[in-house]
Amino acid sequence: MNMNETTNIVKQFFGVVTRGETYLNIIYLLLAFPLGTAYFVFLVTGLSLGLSLLIIWVGIPILLLMLAA
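Residues numbered from 1 in each chain as written. Predicted model: local features only at pLDDT ≥ 70, side-chain atom pairs only at ≥ 80, totals over all residues. Heavy atoms only, no water.

A. Expanded view of the overall build of the chain. A tally of helices and strands in the chain yields three helices and zero strands. Secondary structure of the chain in N-to-C order comes out as α-α-α. Its C-alpha atoms give the chain a radius of gyration of 24 Å, more than 25% over the compact-globule value 11 Å for 69 residues. Projecting the C-alpha coordinates of the chain onto the three principal axes gives extents of approximately 75 × 25 × 15 Å. Burial analysis of the chain (69 residues in total) assigns 10% to the buried set. (Helix = DSSP H or I, 4+ residues; strand = E, 2+ residues; numbered from the N terminus. Rg over C-alpha atoms; globule rule 2.2 N^0.38 Å. Buried < 20%, exposed > 50% of the residue type's maximum accessible area, 1.4 Å probe, protein only.)

B. Spotlight on helix H3 (residues 59–68). Among the residues making up H3, those that are buried are Gly 59, Ile 62 and Met 66. What you see down the axis of H3 is that its buried residues fit within an arc of 60°, all on one side. Among the exposed residues of H3, those oriented more than 90 degrees off its buried face are Leu 64, Leu 65, Leu 67 and Ala 68. Those residues of H3 that are buried are in contact with helix H2 (20–52). (Arc of directions from axis to C-beta. Contact = heavy atoms within 4.5 Å.)

See the structure below:
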């Protein structure tokens, strides 16, 4: 491997830092993580509440709301 190939490999590896798309992807991931966590908590809470209240028939509307969500 000569010096020119080594330089190209280093530029290719660290070239990600200079691209604007990299920072847009980081922003997207930072925003998507809390949103995904909130969706997960909402659905798990709603499904467990609906299933546990199914015995007294209150869970049916809750499960229907979870199905619509």
